[in-house]
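Here is how the chains run, residue by residue.
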Amino acid sequence: MAEITMTEALNKAIDEAMAEDEGVFCLGEDVGAKQGGGVFKVTAGLTEKYGEHRIRATPISETAIVGAAVGAAIAGQRPIAEIMLMNFVAVCMDQIVNHAAKLRFMSGGQTPCPLVIRTTTGVGVGFGGQHSDMLEAWFAHVAGLHVVTPSNAADARGLMRASIDANDPVIFIENILCYGLTSEDPGPGYRVPLGKAAVAKEGSDISLITYGRTVLDALEVAGELGKEGVSVEVIDLRTIAPYDEETVLASVNKTGRALTLHEAVRPFGTGAEIAANIQEKCWDNLKGPVRRIGGTFSAVPFASHLEQAWIPTKEEIVGQIKASVGKD
Amino acid sequence: MAEIDRDKLLDIYTRTMKVNRTDEKFRELLMQGKVAVMYYCVRGQELVSAAAMAALEPKDYVVCTYRGQGEQTAKGIPIEKWWGECLGKATGTCKGKGGTMHITDPETGIMVTTGVVGSGIPIANGLAMASQNNGDGRVTLVSFGDGAANIGSFHEAMNMAQLYKLPVVFLCQNNRYGEHTAYADHTDSPNVAVRAAGYGMKGVTVDGNDVNQIYPAVKEAVDRARAGEGPTLVEAMCYRMMGHFFGSDFSYMPKEHLEEMQREDPLPKLRKVMLEHQFTEEELDRIVEEIDAEIEAAVQHALDAPLPDTDEIYKDVFEEVN
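Remember, it's a predicted structure, so these values are computed and weren't measured experimentally.

**What to know about unusual backbone geometry**
Residue and element names in this part refer to chain A.
Line of reasoning, step 1. Cis rather than trans, the peptide bond between A241 and P242 has omega equal to -15°.
Line of reasoning, step 2. Tracing the chain through its elements places P242 in the loop between β12 (239–241) and α9 (245–255).
Line of reasoning, step 3. Despite not being glycine, R238 has its phi angle at roughly 60°, a positive value.
Line of reasoning, step 4. Secondary-structure assignment places R238 in the loop between β11 (232–236) and β12.

Here's what the structure looks like:
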């Protein structure tokens, strides 16, 4: 089977959905062919196929972009809005939080809002404080939003299709450092259901619960520790909210230990919620406290060595796991 | 501008009085303590919403604000459902989960009522974009106040609507106050409509107390939108005759100005126009009596209606998937 990159996977998923349903359209800054098909080329080639009405390159107006997506969605279409970088969601939070997330509920179910907001971010590319944040916890805290992030190209294809199918708003986070990752192409029509985590690697000593780019670190660490006799189970949430509690709790009940890991800053992060839930529901099976790893509580710094020091390191993951299993 | 025909005048009069009598009834219930909810009074602005709704077709979309009673009732939300929602009952348009500030009734075309100033404007663009994409011939009208013209959403949405020539009508009800701040204290532009030129858009300011100005202006904007000629910003000068919300202090509104604006009250002016068109006092009174009877019955129905089940807090958060 052919290999595809995550960029190609996303492009194929959107292309397929647009071909099947005329109500699917894209809008966002620079997404059109004239503008280069998106900063990261995810929408490249789609204007040529579907025209400028269905690949609408917009002004730099985040509120107008998401507002238009909300309006089109409640009128029965399936817009895919792009917010070029995740930090820019701060500009249009009203439309996401007060409108997209709540219109189904406040209307008593009459105006569901089936839209996808694609956005990209990631630490490790030297973009500095206003272009690098993982803000998933903001959205996970709002009832009515699905928050999704793939860690590999095949999942990207499947999760994007499922997100476009969803009859609710989805925040779809793409990590810049994952765009070039390759997987075997799962082929047309492939879907990864929302709300279902993957057991990326089975293990028996500790559950390492993570998502997005840090899944790569988790798998690497799990491989290394396996050689030392520590068996790490890696859970890739894929959908951050509402997350697959069943898979997480089953894993922790099996291993008796848990560590949450994410790029977003540690305080008030999604790891805190998951850890608290595990303590409540797996208490009798826990062999020690649930641990958390997250980014440093500061803005993401620019200088390369500062940025690398900011982000959770593999050494830190190894250290926390060893401390948890009593091998430190 | 073309003369409004008798049928349309009667239509506008009926809608206007429906808005006015609903407003009067709401304030009566609040004064009597029978109802205790947030209510944003529309006294003085009845004609603007009624004439605007009369310029639309039933299939057209409307986005309005928390002061949206006029658009909602004039567009035709079944009034039992409307009262049910305002009283937080299971029989309401939104099962009691929206309330006075978040009324939705897609069957009537009331797609969003937003409690956030200015937020409906970009959403209206999206509804219009859907119509442009699928060619359903609908026009979207979004109503907002002068205060909303200073939020970023307004400017972003104006630019985008004109850029794409969206079938949308921006109706600014300039009631002279943004919450508790007078127009001149929040804006130095001579009026709101003048800003349309900054986006290459057609903008027009009309007297919202004069049916012969407000209806033709909105109708022309609707016709342009439907013909694919793009959006229009219509600014209707009117006056909010009471405080920001029911029961709030409005001593900041100068007495002399209030008295001056009361002389511009759209209701006696509309009645005069009706009489000039050979409608009789009796005919006009009978319409109001019928509306009052209908409202009485709807209010009683809403008062007697059941509360929503507590389980409703868990429903409609996401699609229910079985």
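**Considerations on the sheet that holds strand β13 (residues 258–265) of chain A**
All names here are of chain A.
Line of reasoning, step 1. The five strands are arranged β9-β11-β10-β13-β14 in an open sheet whose pairing can be described as mixed. Strands with a single pairing partner mark the edges of an open sheet, and in this sheet they are β9 (198–201) and β14 (291–295). Strand-to-strand, the axes of this sheet are offset by a mean angle of 25°, without reference to chain direction.
Line of reasoning, step 2. Direction of pairing for β13 relative to β14: parallel, over a ladder of four bridges. Paired with T260 across the strands is R292, a residue of β14.
Line of reasoning, step 3. Docked against the sheet, helix α10 (residues 270–282) engages β10 (206–210), β13 and β14, running at close to 160° with respect to β13.

**Quick word on a negative patch on the surface**
Residue and element names in this part refer to chain B.
Line of reasoning, step 1. On the surface, E80, E289, E290 and E294 cluster together into a patch of negative charge.
Line of reasoning, step 2. Of note, E80 is situated in helix α4 (residues 79–86).
Line of reasoning, step 3. With relative accessibility at 38%, the residue E80 sits in the partly exposed group.

**Here we look at the confidence of the model for chain B**
Line of reasoning, step 1. For chain B, per-residue confidence averages 96 on the pLDDT scale, and 99% of positions sit at 70 or higher.
Line of reasoning, step 2. Scoring the predicted complex yields pTM 0.97 and, for the interface, ipTM 0.97.

**Overview of the pairing of β10(A)**
Residues and elements named next belong to chain A.
Line of reasoning, step 1. Among the five residues that make up β10, five are buried, leaving the element largely enclosed by the rest of the structure.
Line of reasoning, step 2. Residues I206, L208 and T210 line one face of β10 and the alternating positions S207 and I209 line the opposite face, and both faces are buried.
Line of reasoning, step 3. Here β10 pairs with β11 via five bridges, running parallel. Residue I206 lies in a different strand from β11, and its bridge partner there is V232.
Line of reasoning, step 4. Following the backbone out of β10, through helix α8 (residues 214–227) and into the adjacent parallel β11, one traces a crossover that is right-handed.
Line of reasoning, step 5. Bridge count for β10 against β13 is three bridges, and the pairing is parallel. Each residue of the ladder has a partner; that of S207, found in β13, is A258.

**Description of the packing of helix α3 (residues 62–74) of chain A against helix α5 (residues 120–134) of chain B**
Line of reasoning, step 1. It is the contact of α3(A) with α5(B), at a shortest axis distance of 6 Å, that shows an interaxial angle of 50°. Between α3(A) and α5(B), the interaxial angle falls into the category oblique. Seen from above, α3(A) lies across α5(B) with right-handed handedness. Within the contact between the two elements, α3(A) uses T63(A), A64(A), G67(A), A68(A), V70(A), G71(A), A72(A) and I74(A) and α5(B) uses P122(B), I123(B), G126(B), L127(B), M129(B) and A130(B).
Line of reasoning, step 2. Classifying every residue of the contact of α3(A) with α5(B) by side-chain character gives ten nonpolar, four polar and no charged.

**Some words on the interface of chain B and chain A**
Reports of interface size often rely on the accessible area that becomes lost once the parts have come together.
Line of reasoning, step 1. In this complex, chain B contributes 39 residues to the contact, which on the side of chain A involves 40 residues.
Line of reasoning, step 2. The contact between chain B and chain A buries some 3100 Å² in all, and 62% of this surface belongs to carbon and sulfur atoms.
Line of reasoning, step 3. Where chain B touches chain A, the interface holds zero salt bridges.
Line of reasoning, step 4. At nine residues, the largest contribution of residues to the side of chain B that touches chain A is made by α5(B).
Line of reasoning, step 5. Class assignment for the residues of the side of chain B that touches chain A results in 19 nonpolar, twelve polar and eight charged.

**Examining the sheet that holds strand β8 (residues 232–237) of chain B**
All names here are of chain B.
Line of reasoning, step 1. With parallel pairing, the six strands of this open sheet are ordered in space as β2-β1-β3-β4-β8-β7. Since the sheet does not close on itself, it has two edges, and those belong to β2 (110–114) and β7 (202–207), each with one partner. Each neighbouring strand pair of the sheet contributes to a mean axis angle of 15°, computed without reference to strand direction.

**A closer look at the pattern of salt bridges**
Line of reasoning, step 1. Overall, the coordinates contain 42 salt bridges over all chains when judged by the stated rule.
Line of reasoning, step 2. By sharing partners, the salt bridges in this structure join E16(A), E20(A), R157(A), R161(A) and D185(A) into a single network.

Criteria and thresholds
Residues numbered from 1 in each chain as written. Chains lettered and ligands numbered in written order. Predicted model: local features only at pLDDT ≥ 70, side-chain atom pairs only at ≥ 80, totals over all residues. Heavy atoms only, no water. Helix = DSSP H or I, 4+ residues; strand = E, 2+ residues; numbered from the N terminus. Pairing = 2+ DSSP bridges. Axes fitted to C-alpha atoms, helices over the stretch in contact; angles between N-to-C directions. Contact = heavy atoms within 4.5 Å. Patch = residues over 30% accessible without salt bridge, like charges linked within 9 Å, V, L, I, M, F, W, Y side chains within 5 Å. Areas by Shrake-Rupley, 256 points an atom, 1.4 Å probe, with all protein chains shown as cover. Salt bridge = Lys/Arg side-chain N within 4 Å of Asp/Glu carboxyl O. Lys, Arg positive; Asp, Glu negative; His and termini not counted. Charge placed at Lys NZ, Arg CZ, Asp CG, Glu CD. Buried < 20%, exposed > 50% of the residue type's maximum accessible area, 1.4 Å probe, protein only. pLDDT = per-residue confidence, 0-100. Right-handed = clockwise from strand over helix to strand, strands pointing away. Parallel < 35°, antiparallel > 145°, perpendicular 65-115°, else oblique. Left-handed = near helix turned anticlockwise from the far one by under 90°. Nonpolar A, V, L, I, M, F, W, Y, C, P; charged D, E, K, R; others polar. Buried area = accessible area lost by both parts, 1.4 Å probe.

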